[in-house]
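Summary of the model geometry
Each chain, letter by letter, is given below.
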Amino acid sequence: MDAKIGRLEQTARIIRARIIENSHRTQTPHLASCLSCVDILVAAYFEVLRIDPSKPTGKNRDRFILSKGHGAAALFQVLALRGYYPESMLDHYGEDGSVFAEHPPAPAYLPGIEAATGSLGHGFPLGLGMALAGRIQNQTYRVIALVSDGECNEGSTWEAAMLAAAQKTENLGVIVDFNKWQATGRSEEIMGPVSLAGKWRAFGWNTCEIDGHDMGELVRRLQQVPDGSGKPVAIVAHTVKGKGVSFMEDDNNWHYRIPSAEEVKAAKRELGVPA
Amino acid sequence: MRNAFADEITRLGASDPRVVLLSGDIGNKLFDKFKQQAQNRFYNCGVAEANMMSVAAGMALSGLRPVVYTITPFTTTRCFEQIRVDVCYHGAPVVIVGTGAGLSYAELGPTHHSLEDLALLRSLPGMTVFAPCDEVELRLGLRAALRQDHPVYMRIGKKGEPVIHDRQPDFQLGKAITIREGEHVCLISTGNMMPVVLDAGNILNKKGVSARVESFHTVKPLDTDRLKEVFGRYPLVAVVEEHGRLGGLGGTIAEWLASQDGLSGRMLSFGTDDIFMHEVGSQEYARRKFGLTAENIAEKVSARLERVSAA
């Protein structure tokens, strides 16, 4: 197990380096939001999800939805490394005519994408529909939606949370990338200091709080969807925006800032990824 | 129309296990039969329409044929972005049903009027916009909608509307139906205005003006073949809808007409004014207020026809 976790952590470092390089090369933002959810994506795609990249629309595949669509640059790197499409496709990121926008396209346009997100509060409710559809059709697949703490401002997030609990949608898990920042300020200053985990619990979800950068804990918790409680599962993952690079960590300027060539080099040195 | 919808969706749900019905805490008892026959395919999604629309899209992307039902503003304007992104951008075959077309719920106030839905929904790529004139078109349209691989919006009335078609017409989404032939003028109607339009035709006939009547049950895609034919043949075409004059059927026909070479057709557009109607009143009162009566339509058509013919 330790060796496996070590490999996942190494994969996460490589993905982080690629995201930072890509941000510099293509001059695209949302770097810090991507870095905060890399470990979650790696745990899901490289260990937990029952998926086959050669059959991206397989009927009983697990569905992972990046509801925080502004983390697309991270998802694109993960899907390429996982084998959904050649990594060379990413050379065209952001170019005219490319499918790699700053948010995921509709599933028809890129293998591995389950939902076009970017407008917050959409992906998780879509995932609830997919989870209910699985139950109606006697399928055993699970649906995991990754939401941001800023996204928990959206009313539709809580509409979905209520219906999922009422319907005992146990094949559905939500993982909150709780990095304590939203685009322009501290999450608790903007929409109040009430416990996020407490909210999910109050809405009827089986809720736990974990270190969102502890790969072993991420794998263990994500594997417990469904967890046998008859309730949907909420994992509030405490994360650090800009995680992995000392000069980006918990500095919200990196929501929109683009790294210079020197900063890319320094970041890769810290990550232990060759230049 | 409401009861015909409930009856038809119950039949379709019995024969097609992909059909799922989602309701926004409305239709008490209306769907009891559907629930009895397919309890695991009926979802009361509560008073949470944005989520309901996304859930329907997620179901449609997973092989089901969800039908979303609530009062028109709540299944259109309330959750417009969910329709735009989750349904239309994903090309999810969701059937969206809005009950209480136009001024059907006039007495409930502007929150419950639906006078912008045709304009909004037809602006979305991939969306079919359907407004049946009676329960015969409703049943045929619902069956056709569930055979489509893309989203369909259906705008239906309330209950007790008269039946227009005395037998099954040839039906296809996107193809208008000729209700009555006529020589001098063409009246085009969509949705629940048809009884008024037929009465207007009767009044015109008595004045010696023979009026053809067309049911444009589909606002999008627009039946441009039929439009070419009627604008080529008649000196005046009148379009009637229980919807704002901005952007509805009249709007879409005017857009189309402006780009046509060789058609010198004149049109008249009947619909509601660019205001919120705050006074309480019945549907008939509200229609009178906006000139959506047989008498007014006949009078305006006949006066315009005289001017057009004199020119």
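Residues numbered from 1 in each chain as written. Chains lettered and ligands numbered in written order. Predicted model: local features only at pLDDT ≥ 70, side-chain atom pairs only at ≥ 80, totals over all residues.

**Some points on the overall build of chain A**
Threshold: The helix and strand labels rest on DSSP assignments: H or I over at least four residues marks a helix, E over at least two residues marks a strand, and numbering proceeds from the N terminus. Our radius of gyration is a C-alpha quantity, and the globule rule it is checked against amounts to 2.2 Å times the number of residues to the power 0.38. Every C-beta atom is placed from the backbone, and the number of other C-beta atoms within 10 Å of a residue's own sets its class: buried at 20 or more, exposed at 12 or fewer, partly exposed in between.
When helices and strands are tallied, chain A shows nine helices and seven strands. Against the compact-globule benchmark of 19 Å for 275 residues, chain A has a radius of gyration of 17 Å, which places it among compact chains. C-alpha extents for chain A along the principal axes are approximately 50 × 45 × 40 Å. Relative to its 275 residues, chain A shows a buried fraction of 48%.

**Some words on the interface of chain A and chain B**
Put simply, the rule reads: We call two residues in contact whenever the C-beta atoms placed from their backbones are within 7 Å. Three classes are used: nonpolar for Ala, Val, Leu, Ile, Met, Phe, Trp, Tyr, Cys and Pro, charged for Asp, Glu, Lys and Arg, and polar for all others, with Gly counted as polar.
Listed per partner, the contact involves 23 residues of chain A and 25 residues of chain B. Secondary-structure elements contributing two or more residues to the side of chain A that touches chain B are α4 (123–136) and α5 (155–166) of chain A. Taken together, the residues of the side of chain A that touches chain B sort by class into 14 nonpolar, eight polar and one charged.

**A word on unusual backbone geometry**
Across the chain, the bulk of peptide bonds are trans and the bulk of non-glycine residues have phi less than zero. Cis geometry marks the peptide bond from Val225 of chain A to Pro226 of chain A, where omega comes out at 0 degrees. With respect to the helices and strands, the residue Pro226 of chain A is situated in the loop between α8 (215–223) and β7 (233–238). Cis geometry is found at the peptide bond from Lys220 of chain B to Pro221 of chain B, where omega equals 0 degrees. One non-glycine residue, Asp25 of chain B, adopts positive backbone phi at about 50 degrees. Structurally, the position occupied by Asp25 of chain B is in the loop between β1 (19–23) and α2 (32–37). Backbone geometry at Lys29 of chain B places phi at a positive 75 degrees, although glycine is not the residue there. Structurally, Lys29 of chain B can be placed in the loop between β1 and α2.

**Section: the domain arrangement of chain B**
Residues and elements named next belong to chain B. The test is simple: An automatic or database domain assignment supplies the residue ranges for each domain.
When cut into domains, chain B gives domain 1 (2–156) and domain 2 (177–310). For domain 1 versus domain 2, the separation of C-alpha centres amounts to 27 Å. At the interface, 24 residues of domain 1 touch 31 residues of domain 2. Those elements that place two or more of their residues in the side of domain 1 that touches domain 2 are α6 (117–122), β5 (128–130) and α7 (135–147).

**Thoughts on the environment of Ala275 of chain A**
All names here are of chain A. Residue position: Ala275 is located in the segment after α9 (261–271). Ala275 sits in the exposed class, given 8 other C-beta atoms within 10 Å. In sequence terms Ala275 and Glu21 are 254 residues apart; their C-alpha atoms lie 10.0 Å from each other. Beyond its immediate sequence surroundings of up to four residues, Ala275 is in contact with Lys265 and Lys268.

**Focus: helix α1 (residues 2–26) of chain A**
Since the α-helix packs 3.6 residues into each turn, any two residues three or four apart lie on the same face. Residue and element names in this part refer to chain A. Going by this rule: Helix span, expected: 1.5 Å multiplied by one less than the number of residues in the helix.
Between its first and last C-alpha, α1 extends 36 Å over 25 residues, near the 36 Å set by a 1.5 Å rise per residue. If you check which residues of α1 are buried, you get Thr11, Ala12, Ile15, Arg16, Ala17, Arg18, Ile19, Ile20, Asn22 and Ser23. Among the structural elements, α2 (31–48), α3 (72–82) and α9 are those in contact with the buried residues of α1. Two residues or fewer after α1 comes Gln27, characterised by a positive phi angle close to 55 degrees.

**Re the sheet that holds strand β6 (residues 152–156) of chain B**
Residues and elements named next belong to chain B. The criterion, for reference: At least two bridges found by DSSP between two strands is the condition for calling them paired. Here, axes are lines fitted to C-alpha atoms. For helices the fit covers the stretch in contact, and angles between N-to-C directions go from 0 to 180 degrees.
Across the sheet, which stays open at both edges, the seven strands sit in the order β2-β1-β3-β4-β6-β5-β10 with mixed pairing between neighbours. Edge positions in the open sheet fall to β2 (42–44) and β10 (218–220), since each of these has one partner strand only. Across the sheet, the axes of successive neighbouring strands diverge by a mean angle of 20 degrees, strand direction being ignored. Both β5 and β6 contribute to a ladder of three bridges, which runs parallel.

**Considerations on the pairing of strand β3 (residues 65–71) of chain B**
Consecutive side chains along a regular strand alternate between the two faces of the sheet. Residues and elements named next belong to chain B. Burial within β3 is extensive, with seven of its seven residues counted as buried. Here β1 runs beside β3; their pairing, made up of five bridges, is parallel. In the sheet register, Leu21 faces β3, and the bridge partner there is Val67. As defined by bridge partners, β3 adjoins strand β4 (residues 95–99) across five bridges and the pair is classed as parallel. Residue pairing across strands places Val67 opposite Val95, the latter belonging to β4.

**Some words on α7 of chain B**
Residues and elements named next belong to chain B. Taking 1.5 Å per residue, 13 residues should reach 18 Å; α7 reaches 19 Å between its end C-alpha atoms and fits that length. Those residues of α7 that sit buried are Glu135, Glu137, Leu138, Arg139, Leu140, Gly141, Leu142 and Ala145. Looking at the packing, one finds that the buried side of α7 touches α1 (2–15), β4, β5, β6 and β9 (211–215).

**Describing the environment of Ser210 of chain B**
On the secondary structure map, Ser210 of chain B appears in the loop between α8 (194–206) and β9. Beyond its immediate stretch of four places on either side in the chain, Ser210 of chain B contacts Gly182, Glu183, His184 and Asn205 of chain B.

**Some words on the packing of α1 of chain A against α2 of chain A**
All names here are of chain A. Note the cut-off: Handedness of each helix crossing follows the sense of rotation of the near helix against the far helix: counterclockwise by less than a right angle gives left-handed, clockwise gives right-handed.
Taken N-terminus to C-terminus, the directions of α1 and α2 make an angle of 140 degrees; their axes are 9 Å apart at the nearest point. Crossing angle aside, the handedness with which α1 passes α2 is right-handed. For the pair α1 and α2, the contacting residues are Leu8, Thr11, Ala12, Ile15, Arg16, Ile19, Ile20 and Ser23 in the first and Leu31, Cys34, Leu35, Val38, Asp39, Val42, Ala43, Phe46 and Glu47 in the second. Per-class residue counts for the contact of α1 with α2 are twelve nonpolar, two polar and three charged.

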